[in-house]
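Each chain, written out:
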Amino acid sequence: MSQYIIQTAKYEHLALAEEICHHMEESAKARGTGIAKRSPDYIKKKMVEGKAVVATDKAGNFVGFCYIESWGHGKFVANSGLIVHPDHRKSGIAKDIKKEIFKLTRKTYPDAKIFGITTSFAVMKINSALGYEPVPFSELTDDDDFWKGCSSCINYDVLTRTNRKMCLCTGMLYDPIEAEKNKQKTSWHFVSNSKVYDRWLQLRTYILSKFRKKQEKKEEEPVLVPMPEIKKPVEKEQMLVYSSLVTGVLSLLRSLF
Ligand SMILES: CC(C)(COP(=O)(O)OP(=O)(O)OC[C@H]1O[C@@H](n2cnc3c(N)ncnc32)[C@H](O)[C@@H]1OP(=O)(O)O)[C@@H](O)C(=O)NCCC(=O)NCCS
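Reading the values: rules and limits
Residues numbered from 1 in each chain as written. Predicted model: local features only at pLDDT ≥ 70, side-chain atom pairs only at ≥ 80, totals over all residues. Helix = DSSP H or I, 4+ residues; strand = E, 2+ residues; numbered from the N terminus. Buried ≥ 20, exposed ≤ 12 C-beta atoms within 10 Å, placed from the backbone. Core = buried A, V, L, I, M, F, W, Y, C linked by C-beta atoms within 7 Å. Contact = placed C-beta atoms within 7 Å. Pairing = 2+ DSSP bridges. Axes fitted to C-alpha atoms, helices over the stretch in contact; angles between N-to-C directions. Near = placed C-beta within 6 Å. Nonpolar A, V, L, I, M, F, W, Y, C, P; charged D, E, K, R; others polar. Parallel < 35°, antiparallel > 145°, perpendicular 65-115°, else oblique. Left-handed = near helix turned anticlockwise from the far one by under 90°.

*Asks:* Outline the overall build of the protein chain, listing residues and values.
*Replies:* A tally of helices and strands in the protein chain yields ten helices and seven strands. The 257 residues of the protein chain split such that 26% are buried.

What follows is the structure, given as structure tokens:
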């Protein structure tokens, strides 16, 4: 059983907001790249709106966090602010948090494109597994408010210099329509979907079941062990009958030739 509880944030988690912000700032410093700064109030707001996922241990201590932001009037949604407590990293927590927030996002914004920008290889791996694809920034939201969030990042000048075309982060996008198309493409396989193949499978199953039944029957049949030949003593009367028969046949042959 897992030692962690990963769930949509509740009121009881509001007390963790300060600690979450502290870890976000610390990790931004450590990485030398910025995560857009968030205030504890902003984190609390997300929790109250039911747009955040929290991971805790059984005692309720902070383990990880992530939240949903919507942009461009809900056309785009981002799962932002992913953070895992340093003591709990590399044990699959981020993967599980992202799975949970992805599920929550698909439920809350079923038609929205889900995107993220990141320099983290771990996040790229997790996003890919969820069906995100790397895309140029032009495929992401053009909502100015989203890009303003990058202003607290130390690389913000790169983003502005390139007119938001590129930066150190990689843009990744999950497009529900494309994802559905891809699902259909990969689930359609000519051979396994054609009627001929269907028939062949039926025939093969039929032949195999017949063969199997035959084998089973063979195994069920008792094995006949040949009995040692018992020589019956030839009776005297029998001997007389045989010899008179042989004599009769011989005299008949003699009279003929
Ligand atoms: C990035 C972070 C969230 C990953 O959390 P985590 O719980 O350690 O990640 P997981 O254990 O779920 O690992 C997910 C995958 O990433 C890989 N991974 C984890 N940390 C990694 C690292 N530092 N370098 C390369 N790969 C890493 C894991 O091996 C795993 O790969 P797999 O799917 O092939 O097994 C965590 O390190 C963190 O909080 N960092 C600081 C904040 C941050 O960078 N946030 C991302 C902002 S975009």
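And the narrative resumes.
*Asks:* Just give me the short version of the nonpolar core, but keep the residues and values in it.
*Replies:* If you look at the biggest cluster of nonpolar residues, it comprises 42 residues, and the most contacted ones within it are Ile20 and Val53. Broken down by element, this core gets its largest block of residues, seven residues, from strand β3 (residues 62–71). Look past the residues within four positions of Val53 in its chain and what remains in contact with it is Ile6, Gln7, Thr8, Ala9, Cys66, Ile97, Glu100, Ile101 and Leu104.

*Asks:* Explain the sheet that holds strand β7 (residues 170–174) to me, using residue names and the numbers behind them.
*Replies:* Consider a sheet: its strands pair through backbone hydrogen bonds, and that pairing is either parallel or antiparallel. The sheet built from seven strands is open, its strands ordered β1-β2-β3-β4-β5-β7-β6 with mixed pairing. Every other strand in the sheet has two partners, leaving β1 (4–8) and β6 (133–135) as the edge strands with one partner each. In this sheet, neighbouring strand axes are inclined to one another by 25° on average, regardless of whether the strands run parallel or antiparallel. Of the strand pairs in this sheet, β6 and β7 are connected by three bridges, and their pairing is antiparallel. The residue of β7 that forms the bridge with Glu133 is Leu173.

*Asks:* Kindly report on the site of the ligand, identifying the contributing residues and their values.
*Replies:* In the vicinity of the ligand lie 19 residues, with Ser27, Arg89, Ala94, Lys95 and Ala122 positioned nearest. In terms of residues, the shell around the ligand owes the most to one element, helix α4 (residues 121–130), which gives five residues. Looking at side-chain class alone, the shell around the ligand contains ten nonpolar, five polar and four charged residues.

*Asks:* Give a description of the packing of helix α1 (residues 17–31) against helix α2 (residues 40–48) that names residues and reports values.
*Replies:* Taken N-terminus to C-terminus, the directions of α1 and α2 make an angle of 120°; their axes are 8 Å apart at the nearest point. Compared by their axis directions, α1 and α2 come out oblique. When you trace α1 past α2, the crossing you get is right-handed. Contact residues: α1 offers Ala17, Glu18, Ile20 and Cys21, while α2 offers Pro40, Ile43 and Lys44. Considering only residue class, the contact of α1 with α2 consists of five nonpolar, no polar and two charged.

*Asks:* How would you sum up the environment of Gly92? Please name residues and give values.
*Replies:* Within the element layout of this structure, Gly92 appears in the loop between β4 (76–84) and α3 (93–108). Of the residues examined, Gly92 has 14 C-beta atoms within 10 Å and is grouped as partly exposed. On a C-alpha basis, the gap between Gly92 and Ile126 in space is 9.8 Å, while along the polypeptide they are 34 residues apart.

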